[in-house]
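# Structure at a glance
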Amino acid sequence: MARTINFNAGPAALPLGALERAQKELLDLGGTGMSVMEHSHRGKAYEAVHNEAIALTKELLAVPDNYDILLLQGGASQQFAVIPMNLLPQGKSADYILTGAWSQKAYKEAKTLGTARVASSTEKDKKFTRIPAQNELDLDANAAYVHITSNNTIFGTQWDTFPNVGNVPLIADMSSDIAWRPIDVSKFGLIYAGAQKNLGPSGLAVVIVRKDLVEAGRKDIPVIFQYRTHSENNSLYNTPPTFSVYVLRNVLAELKQNGGLSAIEKVNREKAKLLYDAIEARSDVFSAPVEKASRSTMNVVFTLSTPELETEFLAEAKKRGMEGLKGHRSVGGMRASIYNAVSREWVAALADLISGFKK
Ligand SMILES: *Cc1c(COP(=O)(O)O)cnc(C)c1O
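Please read these numbers as outputs of a predicted model, since none were measured by experiment. (Residues numbered from 1 in each chain as written. Predicted model: local features only at pLDDT ≥ 70, side-chain atom pairs only at ≥ 80, totals over all residues. Heavy atoms only, no water.)

### Structural notes on the sheet that holds strand β12 (residues 299-304)
With antiparallel pairing, 3 strands are arranged side by side in an open sheet as β11-β12-β14. Pairing within the sheet leaves two strands with one partner each, and these edge strands are β11 (286-287) and β14 (334-337). Relative to β14, β12 runs antiparallel, the two sharing 4 bridges. Residue pairing for β14: Val 301 is matched across the bridge by Arg 335. (Pairing = 2+ DSSP bridges. Helix = DSSP H or I, 4+ residues; strand = E, 2+ residues; numbered from the N terminus.)

### As for the pattern of salt bridges
Applying the stated criterion across every chain yields a total of 23 salt bridges. Of the charged contacts, one joins Lys 358 and Glu 312 as a salt bridge, the two residues approaching to 2.5 Å between their closest N and O atoms. Linking Lys 358 in the segment after α11 (344-356) with Glu 312 in helix α10 (residues 307-319), this pair joins segments that are 46 residues apart in sequence. Residue Lys 319 pairs with Glu 316 through a salt bridge whose shortest N-O separation is 3.5 Å. Taken together, the residues span about one helical turn, with Lys 319 and Glu 316 both in helix α10 at a distance of 3 residues. Residue Glu 316 is classed as partly exposed on the basis of its relative accessible area, which comes to 22%. What you see here is one network of salt bridges that share partners, running through Arg 21, Glu 25, Glu 52 and Arg 249. (Salt bridge = Lys/Arg side-chain N within 4 Å of Asp/Glu carboxyl O. Buried < 20%, exposed > 50% of the residue type's maximum accessible area, 1.4 Å probe, protein only.)

### Comments concerning the domain arrangement of the chain
Along its sequence, the chain is carved into domain 1 (17-257) and domain 2 (260-356). Using C-alpha coordinates to define each centre, domain 1 is positioned 26 Å away from domain 2. Taken together, the contact between domain 1 and domain 2 spans 23 residues of the former and 24 residues of the latter. Across the domain 1/domain 2 interface, buried area totals approximately 2,000 Å², and carbon plus sulfur atoms make up 56% of it. Across the domain 1-domain 2 interface, the total number found is 0 salt bridges. Inspection of the region where domain 1 meets domain 2 yields 12 residue pairs in polar contact (both at pLDDT 80 or more). Those elements that provide at least two residues to the side of domain 1 that touches domain 2 are β7 (157-158) and α8 (242-257). Within the side of domain 1 that touches domain 2, the residues separate by chemical class into 9 nonpolar, 8 polar and 6 charged. (Domains from an automatic or database assignment. Contact = heavy atoms within 4.5 Å. Buried area = accessible area lost by both parts, 1.4 Å probe. Polar contact = N/O pair within 3.5 Å; in protein donor to acceptor, adjacent residues only side chain to side chain. Nonpolar A, V, L, I, M, F, W, Y, C, P; charged D, E, K, R; others polar.)

Spelled out as structure tokens, the structure:
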């Protein structure tokens, strides 16, 4: 079977080994004679998978003991609302740094629930083609939290050094770059990610949250949306999306087998360099709108000099077995999403196409 060279932004490519393991175990999970989807979420077989997914997250991301790892339904967008529901009390305000469409959506949800302010935005001057510098942040020292989007999936920008926010908890939407490299989790109050870019299937959100924030969270919201409910029940308060958690486990197990986050960071940096170098070398046709220091290692956004050339480029890519290169409908152009599961070989094939295009 020929695998398509998949540059989709999300849902996105998954590691072949994780999929093959799912295929092999689909009808019979560990000799139980049942698929993981047919097991009770209260039974031993599923519980082992569930706990392994959490343990692997803790190990690979080096999550300190004073953090909970929650596996929740509703993807990242639901967290846009659940975060202020829990962590934005009346009388307090939350700071949002706007670097793209996802942070705008998160900010909008916070405003419907309480007081939120924009601590910085790179929309007006530069159309979200860069990450703001520390001295551009207008931070409220009494804010309930500061929210950032670590990687802007649509605009192709990424925080390299995270902002200094003093003693205010830093919250990061890491949906499109979680686990791309090692990070210091202790710098964050909460990290969340929809699984479908770097971790697994859609519909599942991984939330890493400091226990004191969970405990201090609001109690005047529905029980199902309280982080404490899921913390107290090891994310088994209600039926979790068991198959998605199972695939998450497979993805993380494979990541560990391949050397963990330091190893994948090296590959990810090589891939991004390969692609940006190829684009720069063909400045007669191609250009990358994002400022160099803000370039994403996960979503490489680029344009061609005319719409006709873009159409031709996409057709040529398709001929070579590549998919998912069309940019987000709101920005146009091209976007190659090169998450952990996208191999160096796939990226090299795209770089080749760029280098030789119309030559
Ligand atoms: C994809 C994405 C989301 C939305 O995730 P859903 O699971 O569809 O809600 C949010 N934030 C970022 C940064 C994303 O890339």
